[in-house]
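Structural description and commentary
Okay, here's what each chain looks like letter by letter:
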Amino acid sequence: MADIIINEDLLRRIVRAIDKAIADDIPQYLRDHRKETNNAIMQLRGDYINENLRQFVVAEGIELIPFRRFVWQGRLLADRRNKVTYSITTQANLSAIPKKKDRTKPHFLQSVLAAENSGYQGRYKQETLFSMDMFDAETLKNDYDEIIAGMLDPAEGYCHYVISYQTAENDLVDVKLEFLDSGFATVEEVSLNDYIKPDFARLTNTESIDENVPIPASEGVRGLLGIKKAGIRPALREAEEEA
């Protein structure tokens, strides 16, 4: 069993950024911009999450890596101290990504997992999971290089975690840290539900969240920890959009 790196302070900030987008930013947008239909909300949620990551999560050693997929703009979060990259998506979308068989270009997660998590093996395999035969190794590597654009060196030993979440109305109801192998099989996962709905005033307090103040490694990282940890519980799965 592989152990998963838990940077508690960073993960708490990420969950707060997601929660704020869902529970505060989108409802405020709808109050300020009343329309007959609101088809752009799913994309807008991601924009708010990325903005909150910029405002409240980025700090010394924690960076956002920008990339494009046609007209869509994405972000990876890089923890340089612990050599971990993160992406954020809905649980539904994460489930759908490896099931789509008619891609002409890899989904960015396929390329990132192939580059950073190829040395890990999931606990189980399913026929519906992503087949490495869909794209050859060179295609995946070139796509990864395009995504990263030289902002980090995978040879330094980076691995990738997905923060997957589920919503109900304007509430964040489930959020998980998922460590996947290159075929999207689960290596490890932990629930981050204990971090939902914290005191958000602490996050917006510039004294407690100063971009120039590094996240203390002794406090934020508990080394290589397994999932049996106080306040962090194994969770469920589910299913939604950017496939």
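Above this text sits the structure in question.
So, here is what we can say about the structure in this document.

1. Focus: helix H4 (residues 108–116)
Each full turn of the α-helix corresponds to 3.6 residues, which orients residues three or four apart in the same direction. With eight of nine residues buried, H4 lies mostly within the body of the structure. Phe-108, Leu-109, Gln-110, Ser-111, Val-112, Leu-113, Ala-114 and Glu-116 are the residues of H4 that are buried.

2. Observations regarding the pattern of salt bridges
The final tally for this structure, using the stated rule, is ten salt bridges. Here Asp-145 makes a salt bridge to Lys-141, at a shortest N to O gap of 2.8 Å. Separated by four residues within a single helix, Asp-145 and Lys-141 lie in helix H5 (residues 137–148), roughly one turn from each other. Residue Asp-145 is classed as partly exposed on the basis of its relative accessible area of 35%. For the salt bridge of Lys-176 with Glu-178, the shortest nitrogen-to-oxygen distance reads 3.8 Å. Exposure remark for Lys-176: the relative accessible area of 1% places this residue in the buried category. According to the relative accessible area criterion, Glu-178 is buried, its value standing at 5%. Among the ionic contacts, a cluster of salt bridges with common partners joins Arg-69, Lys-105 and Asp-143.

3. Topic: the nonpolar core
Counting residues in each nonpolar core, the largest one holds 33 residues, and the members touching the most others are Leu-11, Ile-14, Tyr-86, Tyr-161, Ile-163, Leu-177 and Leu-192. Secondary structure elements with two or more residues in this core: strand S1 (4–7), helix H1 (8–32), helix H2 (41–56), strand S2 (62–69), strand S4 (84–90), strand S5 (159–168), strand S6 (171–180) and strand S7 (186–191). Ranked by the residues each element gives to this core, the list is headed by H1, at eight residues. Core analysis: the second largest hydrophobic core is formed by 18 residues, Ala-78, Ile-97, Leu-109 and Val-112 among them.

4. Things to note about unusual backbone geometry
Although it is not a glycine, Lys-83 adopts a positive phi angle of roughly 60°. If you check the backbone angles, Ala-149 has positive phi at about 50° while not being a glycine. Counting through the fold element by element, Ala-149 comes out in the loop between H5 and S5.

5. A word on the packing of H4 against H5
Direction vectors running N to C along H4 and H5 enclose 100°, while the axes themselves pass 8 Å from each other. In terms of their interaxial angle, H4 and H5 are classed as roughly perpendicular. On the side of H4, the interface is formed by Phe-108, Gln-110, Ser-111, Val-112, Ala-114, Ala-115 and Glu-116, while H5 contributes Leu-140, Asp-143, Tyr-144 and Ile-147. Among the residues making up the contact of H4 with H5, the classes are represented as seven nonpolar, two polar and two charged.

6. Some details on the sheet that holds S5
Here we have six strands laid out as an open sheet, ordered S2-S3-S4-S5-S6-S7, and mixed in their pairing. Among the strands making up the open sheet, the edge pair consists of S2 and S7. Going across the sheet, the axis of each strand differs from the next one's by a mean of 30°, ignoring polarity. Across eight bridges, the pairing between S5 and S6 is antiparallel. Of the residues in S6, the one forming a bridge with Ala-168 is Asp-171. Packed on one face of the sheet, H5 meets S2 and strand S3 (72–79) and runs near 120° to S2.

Definitions and limits used
- Throughout this description, residue numbers start from 1 for each chain and increase along the sequence as written.
- Residues qualify for local features only when their pLDDT is at least 70, as the model is predicted, and side-chain atom pairs are given and counted only at 80 or more; totals for whole chains, interfaces and linings, by contrast, use all residues.
- The basis for every side-chain value is the complete set of heavy atoms in the structure, and neither hydrogens nor water enter the calculation.
- For every residue, the accessible area (1.4 Å probe, protein chains only) is compared with the maximum for its type, and the residue is labelled buried under 20%, exposed over 50%, or partly exposed between those bounds.
- The helix count covers DSSP runs of H or I at least four residues long, the strand count covers runs of E at least two residues long, and both are numbered beginning at the N terminus.
- Salt bridge, as used here: a side-chain nitrogen of Lys or Arg that lies within 4 Å of a carboxyl oxygen of Asp or Glu.
- Residues enter a nonpolar core if they are buried and are Ala, Val, Leu, Ile, Met, Phe, Trp, Tyr or Cys, with the set joined through side-chain atoms within 4.5 Å.
- Where helices are involved, their axes are fitted lines through C-alpha atoms of the stretch in contact, as for all axes, and angles between N-to-C directions lie from 0 to 180°.
- Orientation labels follow simple angle bins: below 35 degrees gives roughly parallel, above 145 gives roughly antiparallel, 65 to 115 gives roughly perpendicular, and whatever is left gives oblique.
- By definition in these notes, contact holds between two residues if any of their heavy atoms fall within 4.5 Å.
- Each residue gets one of three labels, nonpolar for Ala, Val, Leu, Ile, Met, Phe, Trp, Tyr, Cys and Pro, charged for Asp, Glu, Lys and Arg, and polar for the others, Gly among them.
- In short, DSSP must find at least two bridges between two strands for them to pair.

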